[in-house]
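# Breakdown of the fold
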Amino acid sequence: MSVDLLLGLQWGDEGKGKIVDVLTPKYDIIARFQGGPNAGHTLEFEGVKHVLHTIPSGIFRPNVINVIGNGVVIDPIILQKEIEALDPFGIDIKQRLLISRKAHIILPTHRLLDQASELSKGKAKIGSTLKGIGPCYMDKTGRNGLRIGDLEHPNFPELYRELTDKHLSMIGFFKVSLEYDLKKLEEEFFAAIESLKQLTFIDSEDYFYHAQKEGKKILAEGAQGSMLDIDFGTYPFVTSSNTTASGACTGLGIAPNQIKNVMGIFKAYTTRVGSGSFPTELFDETGEKIAQIGREVGATTGRKRRCGWLDLVALRYAIRLSGVTQLMMMKADVLSGFDTLKVCTAYLYRGETIEHFPYATETEEITPIYTELKGWSSDLSAIKSTHDLPKELLDYIRFIEKEVEVPITLVSVGADRTQTILF
Ligand code: GDP
Ligand code: IMO
Ligand code: MG
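Model, not experiment: these values are computed from the prediction.

Turning next to helix H10 (residues 285-293). Residues Gly287, Ile290 and Ala291 constitute the buried set of H10. For H10, the angular spread of the buried residues around the axis is 100°, confining them to a single face. Among the exposed residues of H10, those oriented more than 90 degrees off its buried face are Glu285 and Gln292. On its buried face, H10 is in contact with strand S13 (306-308). Capping of H10 at its N-terminal end is provided by Asp284; its side-chain oxygen lies 3.2 Å from the backbone amide nitrogen of Thr286. Looking one or two residues past H10, Arg295 carries a phi angle of roughly 45°, positive in sign.

Residues in contact with ligand 2 amount to 20 residues; listed here are only the nearest, Asp13, Lys16, His41, Thr129 and Thr239. At a separation of 2.5 Å, an oxygen atom of ligand 2 approaches a polar side-chain atom of Thr129. The separation between an oxygen atom of ligand 2 and a polar main-chain atom of Gln224 is 2.8 Å. In isolation ligand 2 exposes 550 Å². Once the protein is present, 97% of that is buried. For the shell around ligand 2, the class distribution of residues is seven nonpolar, ten polar and three charged.

Near ligand 1 there are 20 residues, and of these Gly15, Lys16, Thr42, Asp333 and Ser412 occur at the shortest range. Taking Gly15, its main chain carries an N or O atom lying 2.8 Å from an oxygen atom of ligand 1. Between ligand 1 and the protein, one listed contact pairs an oxygen atom with a backbone N or O atom of Gly40 at 2.8 Å. If ligand 1 stood free it would expose 580 Å²; the protein chains cover 91% of that surface.

Right, let's get into the coordination of the magnesium ion (ligand 3). Here the magnesium ion (ligand 3) is held by the protein donor atoms Asp13 (OD) and Gly40 (O), which lie 2.1 to 2.2 Å from it. On the criterion of sequence distance, the pair formed by Asp13 in the loop between strand S1 (3-8) and helix H1 (16-23) and Gly40 in the loop between strand S2 (29-32) and strand S3 (41-45) is long-range, its members being 27 residues apart. Given a relative accessible area of 12%, Gly40 falls into the buried group.

Further remarks concern the pairing of S2. Where burial is concerned, the two faces of S2 agree: the one with Ile29 and Ala31 and the one with Ile30 and Arg32 are both buried. Relative to strand S5 (residues 65-68), S2 is paired through four bridges, and the arrangement is parallel. In the strand pairing of S5, Ile29 is matched with Ile65. Alignment of S2 against strand S10 (residues 218-221), held across four bridges, turns out to be parallel. Bridge pairing in S10 places Ile29 opposite Ile218.

Criteria and cut-off values
Residues numbered from 1 in each chain as written. Chains lettered and ligands numbered in written order. Predicted model: local features only at pLDDT ≥ 70, side-chain atom pairs only at ≥ 80, totals over all residues. Heavy atoms only, no water. Buried < 20%, exposed > 50% of the residue type's maximum accessible area, 1.4 Å probe, protein only. Helix = DSSP H or I, 4+ residues; strand = E, 2+ residues; numbered from the N terminus. Arc of directions from axis to C-beta. Contact = heavy atoms within 4.5 Å. Polar contact = N/O pair within 3.5 Å; in protein donor to acceptor, adjacent residues only side chain to side chain. Near = heavy atom within 4 Å. Areas by Shrake-Rupley, 256 points an atom, 1.4 Å probe, with all protein chains shown as cover. Nonpolar A, V, L, I, M, F, W, Y, C, P; charged D, E, K, R; others polar. Donors = N, O, S within 2.8 Å, 3.2 Å for Na, K, Ca; no water. Pairing = 2+ DSSP bridges.

Spelled out as structure tokens, the structure:
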């Protein structure tokens, strides 16, 4: 078995980018398997912060191949910008970044459809990143989509026209006023397509088959989080792909029995961007304090993230869905300075105490039941060893491990690559 997974267990932004970067030296290949430029994965090292949307987070490490798998949806314009941002680092993109021919392409009209759909929903909007993710996956499952492999055929412009015309008539159905300059959008799109064509396209399932046969070590990098999974998340306030472990099999063409470690990553508290239920959300100054210390602002949209206490009901649910074998706790440093920390261990749901994540998750249906733990006051950001961690943090960790029955093997105490403590 040569494939490990790293998955976000909450509502995204757990710190996946940082940890993939930290773990990359142990792997030969890093692969994204779902989502698209709705993701914003932050890496920090040598005083510089990088945000990746489509490119896997192993790209800065030498001798590692990064693959954008078939399950990903690619916006050529955003990908081009990401590649341009890497220019100063002298990375041989053609050799180090491989793209599946079966990955779907986000067209400018997918973004317009996303906007039209959200506008038409009014207050009930999903809070989408408006990157065209939902409409692109709809075309994929509706069997209308355009894929990277189509760029190798001379009739791509006709295929593009046909689908775009269809989208334009669909936009009309939403009955919303949307202003756009299609000509400009298309110029930008086709310029990006020309750059994209210079990159390396592969039959990634075949590539992975041979890589595994040669004993190469593969790390699959999840995007979003388990609670945004299209099947198991807080539907309809979710994204349009499977963010849980199964998504790695379909999004890369890797068989389930090839998967070894499933690393689940969570923040020491909880955040969420966009609409949808969030049982432990805080609307008071404690929530505000977490947001401020944690700098909880979206890496893709710049929106403020909603903040709340750690929710072990949701975490347990996510762990079970993906068979998580080890946990990584992020942003422990943000919780320094709180006298008391609350952890939700069960829900009061329709008059009953439950420990599983229920079907109807509207926040008014759920009252979180909390256990209070003692906080710590020391600054964690310079700590390098478990021995120097405050007792209260170790108690917090042990409490979580006992509740969810999976060991925590890494604690992160700052955004930088080096601020990582292994257990
Ligand atoms: P991702 O989408 O899961 O990769 O996470 P994001 O990059 O969207 O959001 C995580 C944010 O937290 C980024 O700004 C990171 O630089 C930052 N971060 C990651 N780990 C830590 C940590 O342990 N402590 C602090 N304070 N910040 C962290
Ligand atoms: P990373 O990989 C946090 C959220 C959006 C919205 C919902 C649907 O950085 O953790 P979409 O654009 O997919 O139609 O949005 O999902 N969302 C994320 N939230 N982190 C992400 O990615 C997200 N990608 C999508 O805010 O609520
Ligand atoms: Mg993010």
